Amino acid sequence: MTMGRALLVTGPEALLAERHVAARVRSARKQAPEADLHQVEASSVDAGTFAELTGGSLFASASIVVLNDVSGLDQSLFDLVAATAADPSEELCLVMTHPGGVKGKGLLDKLKKAKVETIEAPAIKTWELGKFVENEARHAKLRLEAGAAQALVDAIGNDPRAIAAAVVQLCDDLVDQTLTVEAVQTYFGGRAEVTSFAVADDVMAGRTGDALEKLRWALATGVAPVLVTSALANSLRGLGKYHDLRSSRLNDGEVARQIGVPPWKVKDLTRLSRSWSPRAIAQAVVAVAEADGAVKGMAADADFALEQMLLALDRARTAR
């Protein structure tokens, strides 16, 4: 039964949050086909609007209300929303989303105290994407050859939404067939060989010439510039954490857990740490941050900004 209940979906992974919301809305519609559906941004809601949304209408006694991003809800409404969520009418299905973080924590605390049903939509870690592909393929009834899941991640990048869309496309095209590594390379061509992670790996390893060549090819084949800065920021963050932990007596598994990388990645970080000093990492982080601002609109030529970033990282790595 979903009518007469409230649900909080919290976490930063938008794709998972949207799926949880859609599932609850489908269930409510099945129970009350005549219900009005209202989807609103919490930041635009006042007390009168909320009361109107959750109180039904002249044309439908039942309502399904999706209150998006309650982190933006006015604090003066916390008590009203929490009280409604704690004891919704039998004609109301209330769904709230929160992206995670501390903003709006006062409301989250009230909802928790009221024991409102909560579902998590956690961020999907980079090393979890292969398993994510396998789960998506299982639901889509798409068979995978060994290695195909990772090949798809390498081809598409770390955006779960793009990966999910690719699985749907492949499922439609490969009816009763198995997805192979070769098929991934056929469907996603240039992107399978040149991704933001490949660019990051090359420049971190000192292969700046190769990194520049791959960057130009990646941008020409549709890789978003922001994915390149994101991949490099992730690499530098992991290497910085490794520097902080390498003098500890932790085993590789514990080091990997604290950094947030798969265990096999620790060997790569050990190798890279010999070329990257903490000072070099700090300089590189600044360069990446500047490039990230550039590709998000602060510079007229994002491609040039990325090339300059790679050169800046090479100078930081080799400086003595």
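Thresholds, definitions, all that
Residues numbered from 1 in each chain as written. Predicted model: local features only at pLDDT ≥ 70, side-chain atom pairs only at ≥ 80, totals over all residues. Heavy atoms only, no water. Helix = DSSP H or I, 4+ residues; strand = E, 2+ residues; numbered from the N terminus. Buried < 20%, exposed > 50% of the residue type's maximum accessible area, 1.4 Å probe, protein only. Contact = heavy atoms within 4.5 Å. Areas by Shrake-Rupley, 256 points an atom, 1.4 Å probe, with all protein chains shown as cover. 1 Å grid on protein atoms, 1.4 Å probe; cavity = no way out; pocket = protein on both sides within 12 Å on 5 of 7 lines; lining within 4 Å. Points joined across faces, edges and corners; volume = space filled by probe spheres on them. Nonpolar A, V, L, I, M, F, W, Y, C, P; charged D, E, K, R; others polar. Pairing = 2+ DSSP bridges. Axes fitted to C-alpha atoms, helices over the stretch in contact; angles between N-to-C directions.

Trainee: I keep staring at the overall build of the protein and nothing clicks. Help me out?
Mentor: When you go through the protein residue by residue, the secondary structure sums to 15 helices and seven strands. Its C-alpha atoms give the protein principal-axis dimensions of about 70 × 50 × 45 Å. Counting the 320 residues in the protein, one finds 44% classified as buried. Long-range pairs, those at least 24 residues apart, make up 78% of the contacts in the protein between residues at least 6 apart in sequence. Carbon and sulfur atoms form 52% of the exposed surface of the protein, whose accessible area is close to 16,900 Å².

Trainee: What should I look at first to understand the layout of surface pockets in this one?
Mentor: With a probe scaled to a water molecule rolled over the atoms, the places where space remains empty come into view. There is about 250 Å³ of room inside the second largest pocket. As for the second largest pocket, its lining consists of 15 residues, and the residues nearest its centre are Ala14, Ala17, Glu18, Asn68 and Thr97. The leading source of residues in the lining of the second largest pocket is helix H1 (residues 14–31), at five residues. Across the lining of the second largest pocket, the residue classes tally to seven nonpolar, five polar and three charged.

Trainee: Whenever I open this one, the pairing of strand S4 (residues 92–98) confuses me. Can you help?
Mentor: Consecutive side chains of a regular strand alternate in pointing toward one face of the sheet and then the other. Of all the seven residues making up S4, seven are buried; the element is thus mostly covered by neighbouring parts of the structure. Along S4, one buried face is formed by Leu92, Leu94, Met96 and His98 and the opposite face, lined by Cys93, Val95 and Thr97, is buried too. With six bridges connecting them, strand S1 (residues 5–10) and S4 associate as parallel partners. Paired with Val9 across the two strands is Thr97, which belongs to S4. Two strands pair when backbone bridges link them, and strand S3 (residues 63–68) and S4 are joined in this way by five bridges, in the parallel orientation.

Trainee: Please clarify how the sheet that holds S4 should be interpreted in this entry.
Mentor: By definition, the strands of a sheet pair up through backbone hydrogen bonds, in either a parallel or an antiparallel sense. Pairing in this open sheet of five strands is parallel, and the strands run S2-S3-S4-S1-S5 from one edge to the other. Of all strands in the sheet, those with a lone pairing partner are strand S2 (36–41) and strand S5 (117–120), marking the two edges. Neighbour to neighbour, the strand axes of the sheet diverge by 15° on average, direction disregarded. As paired strands, S1 and S5 are joined by four bridges and run parallel to one another. Each bridged residue has a counterpart across the sheet, and for Val9 the counterpart in S5 is Ile119. Most of the contacts of helix H3 (residues 78–86) go to S4, to which it runs at about 130°, and overall it touches S1, S3 and S4.

Trainee: Help me out: how do you make sense of unusual backbone geometry in this one?
Mentor: With glycine set apart, most residues show a phi of negative sign, and most peptide bonds adopt trans. Even without glycine at this site, Asp69 takes up a positive phi of about 55°. As for its placement among the helices and strands, Asp69 is situated in the loop between S3 and H3. Its identity as a non-glycine residue notwithstanding, Lys141 has a phi of 60°, on the positive side. Inspection of the secondary structure assignment puts Lys141 in the loop between helix H5 (129–140) and strand S6 (143–144).

Trainee: Looking at this structure, I do not really get the side chain of Thr10. What am I missing?
Mentor: By secondary structure assignment, the location of Thr10 is in strand S1. The exposure class of Thr10 is buried, given its relative accessible area of 12%. What Thr10 contacts, discounting residues up to four positions off in sequence, is His98, Gly100, Thr118, Ile119, Glu120 and Ala121.

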